[in-house]
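What follows is the residue order along each chain.
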Amino acid sequence: VDLIGDTTYTNYALRLLRGNTGANATSQLVHRGTGLLDIITKEAADIAFSTDDEERLRITSDGKFGFGTHSPSNTIHMLAGGGSCVIELQRDSVNTTGNVGAINFTASDGHSVASIGAYGGGDNESAYINFKTTTAASANSPFTSTTERMKISADGYVSGNINVPAWFGQQDTA
């Protein structure tokens with residue numbers, strides 16, 4: 001099915017294709033040009049994506065993303081069984097030092113207020129975890145606008161600017 005909207009692309013501007021190689025043929029939705037490919041539901045309807053006849057992702061009408069769930073309860077909600085609910089951050093080059101990945105927490109103005117990052121340990125086989133916060137957010141960067149407060153080394157040692165309460169490590173008898 002070819003759709004033509006103007007004279008820019010006279011053969012097609014949007015195409016729905018199905019290959020003719022049998023049951024395993026590829027299907028495609030092809031959009032031409034640099035304009036936005038916009039998928040819209042005009043009413044309060046969800047959008048679902050399925051593979052192998054099973055729903056894998058749902059975007060609800062109120063903007064929540066559900067992976068493995070039909071009814072996400074938070075902005076991003078993942079559901080999987082047996083310990084298989086994993087978020088993976090993978091660097092695409094050999095990691096000897098530097099950032100492997102980070103989770104950045106930002107204020108309403110987009111400035112970073114805290115972050116958790118993994119940094120290469122120098123051998124592409126290890127990393128340390130770095131916890132950062134700030135009292136004066138000024139940019140949206142988990143690397144430059146926050147200050148290291150605590151670090152857990154690859155061998156499990158904790159270090160950093162840690163303000164440990166007196167009760168830390170003691171049993172509460174109250």
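What you are looking at is a predicted structure, and each value in this text was computed from that prediction instead of being measured. (Residues numbered from 1 in each chain as written. Predicted model: local features only at pLDDT ≥ 70, side-chain atom pairs only at ≥ 80, totals over all residues. Heavy atoms only, no water.)

Further remarks concern the environment of Leu79. Looking at the element boundaries, Leu79 is found in the loop between strand E7 (76-78) and strand E8 (99-106). Residue classification places Leu79 among the exposed residues on the basis of a relative accessible area of 51%. Once the C-alpha coordinates of Leu79 and Ile116 are considered, the two residues, 37 residues apart in sequence, prove to be 23 Å apart. Not counting the four nearest positions on each side in its chain, Leu79 is found in contact with Phe67, Gly68, Thr69 and Cys85. (Helix = DSSP H or I, 4+ residues; strand = E, 2+ residues; numbered from the N terminus. Buried < 20%, exposed > 50% of the residue type's maximum accessible area, 1.4 Å probe, protein only. Contact = heavy atoms within 4.5 Å.)

Below, the discussion takes up a nonpolar patch on the surface. Side chains of Ile87, Leu89, Ile103, Phe105, Val113, Ile116 and Ile129 sit close together on the surface and give an oily, nonpolar patch of about 600 Å² of accessible area. Among the elements of the structure, E8 and strand E9 (112-120) are those that each provide at least two residues to the nonpolar patch. You can see Leu89 is positioned in the loop between E7 and E8. (Patch = residues over 30% accessible without salt bridge, like charges linked within 9 Å, V, L, I, M, F, W, Y side chains within 5 Å. Areas by Shrake-Rupley, 256 points an atom, 1.4 Å probe, with all protein chains shown as cover. Salt bridge = Lys/Arg side-chain N within 4 Å of Asp/Glu carboxyl O.)

Its identity is not glycine, yet Asp52 carries a phi of approximately 50 degrees, on the positive side. Here Asp52 shows up in the loop between strand E4 (47-51) and strand E5 (54-59). Even without glycine at this site, Asp53 takes up a positive phi of about 60 degrees. Inspection of the secondary structure puts Asp53 in the loop between E4 and E5. Judged by relative accessible area, Asp53 falls into the exposed class, the value being 81%.

On to the side chain of Arg58, then. As for its placement among the helices and strands, Arg58 is situated in strand E5. Engagement of the side chain of Arg58 in a polar contact is seen with the side chain of Glu55, the distance being 2.7 Å. Of note is the side chain of Arg58, whose polar atom sits 3.4 Å from the backbone oxygen of His70. Excluding residues that lie within four positions of it along the chain, Arg58 makes contacts with Asp46, Ile47, Ala48, Lys64, Phe65, Gly66, Thr69 and His70. (Polar contact = N/O pair within 3.5 Å; in protein donor to acceptor, adjacent residues only side chain to side chain.)

So, about the pattern of salt bridges. One pass over the structure, following the stated rule, counts 5 salt bridges. Across the pair Glu54 and Arg56 runs a salt bridge, and its minimum N-O distance is 3.8 Å. With a shortest N-O distance of 2.7 Å, Glu55 and Arg58 are connected by a salt bridge. For the pair formed by Glu55 and Arg58, the shared burial category is buried. Overlapping salt bridges, with partners in common, bring together Asp46, Glu55 and Arg58 in one network.

Turning to the sheet that holds E5, a few remarks are in order. Spatially, 4 strands are ordered E4-E5-E6-E7 in an open sheet, and the strand pairing comes out mixed. The open sheet is flanked by E4 and E7, the only strands paired with a single partner. Each strand axis lies, on average, 20 degrees off the axis of its neighbour in the sheet, ignoring direction. The pairing of E5 with strand E6 (residues 65-67) spans 3 bridges and is antiparallel. Residue pairing across strands places Arg58 opposite Gly66, the latter belonging to E6. (Pairing = 2+ DSSP bridges. Axes fitted to C-alpha atoms, helices over the stretch in contact; angles between N-to-C directions.)

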